[in-house]
Amino acid sequence: MKRVANNKARDMVESLEEFQGSNMFGKWVGIGNGRTEMFADKLYAVYSYGSHFPMYIYDAKEQKWLGNSDKYSRSTTRQQSHARPSSIYAWYNTEQLKDVIYHGGLVESVMARARA
């Protein structure tokens with residue numbers, strides 16, 4: 001995983017590359033490992049201080065960015081500013097973003113909520 005300064009994270013996020021910053025990281029999550037495999041049904045997530053706080057998720061199947069509307073700390077707010085993608089489709093809270101990850105995508109998450 002490539003190490004980058006936090007203020008350079010946006011470039012990594014926009015290009016969907018895995019990276020490690022200072023207390024934040026971006027990686028592909030879901031089926032399989034790494035970007036070398038077919039990733040049309042995968043998610044790319046940018047986290048602050050571990051996987052408990054996803055800041056942004058890119059759903060490759062839907063080609064949409066989701067952002068976290070929750071506030072966590074001043075340092076996380078700064079990280080969100082450094083890593084923010086240029087276009088956010090929708091804002092979700094932390095638990096909703098975790099649900100998207102758990103179900104493997106935006107559509108799958110909405111369908112699971114509809115069935116519940």
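Here, the structure is the one placed above.
First things first, this report covers the structure right here in the doc. Here the residue index of a chain counts from 1 through its sequence in written order. A pLDDT threshold of at least 70 governs which residues receive local features in this predicted model, and a stricter bar of 80 or more applies before side-chain atom pairs are shown or counted, although totals over entire chains, interfaces and linings include all residues. Excluding hydrogens and water, the side-chain figures rest on all heavy atoms present in the structure.

**Some words on the nonpolar core**
Then, in step 1: As used here, the term nonpolar core means buried Ala, Val, Leu, Ile, Met, Phe, Trp, Tyr and Cys residues forming a set that is joined through side-chain atoms within 4.5 Å. We call a residue buried when its accessible area falls under 20% of the maximum for its residue type, exposed when it is over 50%, and partly exposed in between, using a 1.4 Å probe and counting protein chains only. Judged by nonpolar contacts, the single largest core of 18 residues is most densely connected at Phe 19, Tyr 44, Val 46, Trp 65 and Ala 83.
Then, in step 2: Looking at this core, the elements with two or more residues in it are helix H1 (9–14), strand E3 (24–29), strand E4 (43–48) and strand E5 (54–59).
Then, in step 3: Here, two residues are considered to be in contact whenever any of their heavy atoms come within 4.5 Å of each other. Not counting chain neighbours up to four residues away, the residues in contact with Ala 83 comprise Ala 9, Arg 10, Val 13, Met 24, Val 46, Met 55 and Tyr 56.
Then, in step 4: Judged by nonpolar contacts, the second largest core, of 12 residues, contains Phe 25, Ala 45, Ala 90 and Leu 97. Helix and strand assignments come from DSSP, with helices taken as H or I runs of at least 4 residues and strands as E runs of at least 2, each series counted from the N terminus.

**Observations concerning the sheet that holds E3**
The strands making up a sheet associate through backbone hydrogen bonding, with each pair oriented either parallel or antiparallel.
Then, in step 1: Here, strands pair whenever DSSP counts at least two bridges between them. Spatial strand order, E1-E2-E3-E4-E5-E6-E7: 7 strands in an open sheet with mixed pairing. At either margin of the open sheet sits one strand with a lone partner, and together these are strand E1 (2–3) and strand E7 (90–92).
Then, in step 2: Relative to E4, E3 runs antiparallel, the two being bridged by 6 bridges. Note on E4: the bridge partner recorded for Met 24 is Ser 48.
Then, in step 3: Against the sheet, helix H2 (residues 74–83) engages E3, E4, E5 and strand E6 (64–68), with an angle of about 30 degrees to E5.
Then, in step 4: For helices, the fitted axis covers only the stretch in contact; all axes are lines through C-alpha atoms, and the angles between them, taken along N-to-C directions, range from 0 to 180 degrees. Along the sheet, helix H3 (residues 94–103) makes contact with E3, E4, E5, E6 and E7, crossing E5 at roughly 40 degrees.

**Side note on the pairing of E3**
Then, in step 1: The buried fraction of E3 is high, at 5 of 6 residues.
Then, in step 2: As defined by bridge partners, strand E2 (residues 19–20) adjoins E3 across 2 bridges and the pair is classed as antiparallel. Bridging across to E3, Phe 19 finds its partner in Gly 26.
Then, in step 3: Two successive antiparallel strands, E2 and E3, enclose a turn made up of 3 residues, where Asn 23 displays a positive phi of approximately 65 degrees.

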